[in-house]
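# Secondary and tertiary structure notes
Take a look at the letters that make up each chain.
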Amino acid sequence: MSEIDYFMPLLMQKEEESALTPLLSHGKVNFLWIKHSNLYLVAITMKNANASLVYSFLYKVVEVFTEYFKEVEEESIRDNFVIVYELLDELMDFGFPQTTDSKILQEYITQQGNKLDTGKSRVPATVTNAVSWRSEGIKYKKNEVFIDVIESVNLLVNANGSVLLSEIVGSIKLKVFLSGMPELRLGLNDRVLFELTGRGKNKSVELEDVKFHQCVRLSRFDNDRTISFIPPDGDFELMSYRLNTQVKPLIWIESVIEKFSHSRVEIMVKAKGQFKKQSVANGVEICVPVPSDADSPKFKTSIGSAKYLPEKDMVIWSIKSFPGGKEYLMRAHFGLPSVENEEMEGRPPISVRFEIPYFTVSGIQVSYMGL
């Protein structure tokens, strides 16, 4: 019996014991695993391996497979088993990660699972270059760089309006169309940089948990906070960051629930934009939980539309465009069985999803981009 044959019985045993951990051991064999869709990706080692590196590699494998197959699930793996073998052969050799950039892999491992044939089987020079994430000889008639700063805000607010959890997760993404091997420099309103250069702190941001793409020269950043790099071609994420900053809800939600003789219920939801008036939130979805036995829905909204999803016990109030400073109402009427139902006492919180273009909650700004 091979080592991997021990994994699934061991996993099920630990799950039954409620002692499931991301690392399982059987004798001298360690199983480090992640789950993606309906698949388990497992790395096996008998040595004291670097666990962070192993998990980083497993998630990178998922990322590469996604680039190739779009959906990574059991069926796509079965349908593409030849190319999966080829990819795994290039991703790792003798237990060490090798080429993990999907764009470089696509140069010589095609979608059909056949390696490019140029007379002799050869690996592109990019793989053995110091700059393994960018091919040589790239030429464009027009050189362009596009920058996007994207932030997600995770907020949890209790019924009294107090913020229980507040977190900003952001990333800086680039789309690069440059010839040759350009070295770029990116400047941010980084608080540490502002202190080093003697500038004020009013509009600076203190970045936390920063993660860079492999192209960034980390020694340069450590010395003078300069983000210097030779970029990959096309789309890539230059860096990501996280801020534990106290943030007020950008769209404030208030709700009132009234029950009438246990036969019907009325839910009133008020939404107010607490961001600057010149900004607009797009694709707003306000998800309101309702009793599981509710029926006969009727809605009245001052803007947008409401839809009842009985399979999720939820009402979705959709607003295409929500300007800052505006306030809107939604009323929902439901019928209830004659038997009293107290499920609403422990109902889940109302959730809100939206996007605000050209707006960063943290205040991070790109001050310059240059060669």
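This text gives an overview of the structure that appears in the document. (Residues numbered from 1 in each chain as written. Predicted model: local features only at pLDDT ≥ 70, side-chain atom pairs only at ≥ 80, totals over all residues. Heavy atoms only, no water.)

### Considering helix α4 (residues 81-91)
Since the α-helix packs 3.6 residues into each turn, any two residues three or four apart lie on the same face. Restricting attention to buried positions, one finds in α4 the residues I83, V84, E86, L87, E90 and L91. Projected onto a plane normal to the axis of α4, the buried residues spread over an arc of 165° and lie on a single side. At its buried positions, α4 is contacted by α2 (51-69), α3 (74-79), β4 (92-93), β5 (96-97) and α5 (102-108). (Buried < 20%, exposed > 50% of the residue type's maximum accessible area, 1.4 Å probe, protein only. Helix = DSSP H or I, 4+ residues; strand = E, 2+ residues; numbered from the N terminus. Arc of directions from axis to C-beta. Contact = heavy atoms within 4.5 Å.)

### Examining unusual backbone geometry
Despite not being glycine, K70 has its phi angle at roughly 70°, a positive value. The residue F94 is not glycine, and still its phi comes out positive at about 50°. Its location among the elements puts F94 in the loop between β4 and β5.

### Notes on the nonpolar core
Counting 26 residues, the largest nonpolar core has L188, I227, F229, L238 and M239 as the members making the most contacts within it. Contributions of two or more residues to this core are made by β7 (163-177), β8 (184-188), β10 (227-229) and β11 (234-243). If you tally residues by element for this core, the top one is β11, at five residues. Residues within four places of L238 in sequence aside, it is in contact with I172, L174, L186, K211, F212, H213, C215, V216, I227 and F229. Listed in part, the 25 residues of the second largest apolar core include I251, I253, I267 and V288. (Core = buried A, V, L, I, M, F, W, Y, C linked by side-chain atoms within 4.5 Å.)

### Brief notes about the packing of aromatic side chains
Scanning the model with the defined rule gives ten aromatic pairs in all. Members of the aromatic cluster, joined through ring pairs, are F65, Y68 and F69. (Phe/Tyr/Trp six-rings, centres within 6.5 Å; stacked < 30°, edge-to-face > 60°.)

### Notes on the packing of α2 against α4
Where α2 contacts α4, the two axes come as close as 11 Å, and the packing angle between them is 140°. It follows from the interaxial angle that α2 and α4 lie oblique. Two packed elements cross with a definite hand, and for α2 against α4 that hand is right-handed. From α2, F57, V61, V64, F65, Y68 and F69 reach across to α4, where they touch I83, V84, L87, L88 and L91. In terms of residue class, the contact of α2 with α4 is built from eleven nonpolar, no polar and no charged. (Axes fitted to C-alpha atoms, helices over the stretch in contact; angles between N-to-C directions. Parallel < 35°, antiparallel > 145°, perpendicular 65-115°, else oblique. Left-handed = near helix turned anticlockwise from the far one by under 90°. Nonpolar A, V, L, I, M, F, W, Y, C, P; charged D, E, K, R; others polar.)

### Here we look at a negative patch on the surface
A cluster of like negative charges, contributed by E71, E73, E75 and D79, occupies part of the molecular surface. Note that E73 resides in the loop between α2 and α3. (Patch = residues over 30% accessible without salt bridge, like charges linked within 9 Å, V, L, I, M, F, W, Y side chains within 5 Å. Areas by Shrake-Rupley, 256 points an atom, 1.4 Å probe, with all protein chains shown as cover. Salt bridge = Lys/Arg side-chain N within 4 Å of Asp/Glu carboxyl O. Lys, Arg positive; Asp, Glu negative; His and termini not counted. Charge placed at Lys NZ, Arg CZ, Asp CG, Glu CD.)

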